[in-house]
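Inside the fold
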Amino acid sequence: MTTIFHRIIRREIPADIVYEDEHLIAFRDIAPQAPVHVLFVPKVDVATLNDLQAGQADVVGRLALAAAAYAKREGYAEDGYRIVMNCNDDGGQTVFQIHLHLLAGAPLGRFGTAAEGG
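Residues numbered from 1 in each chain as written. Predicted model: local features only at pLDDT ≥ 70, side-chain atom pairs only at ≥ 80, totals over all residues. Heavy atoms only, no water.

1. Points about the pattern of salt bridges
Scanning all chains against the criterion turns up seven salt bridges. With a closest N to O distance of 2.8 Å, Arg-10 and Glu-12 form a salt bridge. When its relative accessible area of 44% is taken as the criterion, Glu-12 is described as partly exposed. Across the pair Glu-74 and Arg-73 runs a salt bridge whose closest N-O atoms are separated by 4.0 Å. The class of Arg-73 is partly exposed, set by a relative accessible area of 47%. Linked through salt bridges whose partners overlap, the residues forming this network are Arg-7, Arg-10 and Glu-12. (Salt bridge = Lys/Arg side-chain N within 4 Å of Asp/Glu carboxyl O. Buried < 20%, exposed > 50% of the residue type's maximum accessible area, 1.4 Å probe, protein only.)

The structure is reproduced here in structure tokens:
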């Protein structure tokens, strides 16, 4: 299935691209959830984390390393940042091509609530 991310990779629609190599592309989210919200998307077709094969661990590794390098390069690493991957509808996935969210630029808090032990 062709997603908006596939169309961005093929340059069919514009995006604010901040990084690209032969394996992945990274661009600013159009509906940011933090002051910095960048999506890292592999160029290999994988709809969800459930569809990732054992031999494809490097796909997720490249996304994480690219996000960390971006955070360091842009000066967010020392204060901190968050990376998130969602899987399927209940997990919050809205585009069915795996991708990693990098969130930074403000205190992001902790997951959960204090009553749940954070």
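2. Let's talk about the environment of Arg-82
Within the secondary structure, Arg-82 sits in strand 4 (residues 81–84). Given a relative accessible area of 18%, Arg-82 falls into the buried group. Through-space distance from the C-alpha of Arg-82 to that of Ala-68 is 9.6 Å; in sequence the pair is 14 residues apart. Within the structure, Arg-82 has its side chain in polar contact with the backbone oxygen of Gly-109 (distance 2.6 Å). (Helix = DSSP H or I, 4+ residues; strand = E, 2+ residues; numbered from the N terminus. Polar contact = N/O pair within 3.5 Å; in protein donor to acceptor, adjacent residues only side chain to side chain.)

3. With respect to the pairing of strand 2 (residues 24–28)
Of all five residues that make up strand 2, four are buried, and the element is covered over most of its length. Here strand 1 (residues 17–20) runs beside strand 2; their pairing, made up of three bridges, is antiparallel. The partner of Ile-17 across the bridge, within strand 2, is Phe-27. Hairpin connection of strand 1 to strand 2: three residues between the antiparallel strands. Pairing of strand 2 with strand 3 (residues 36–42) involves five bridges; the strand directions are antiparallel. For Ala-26, the partnering residue across the bridge sits in strand 3 and is Phe-40. (Pairing = 2+ DSSP bridges.)

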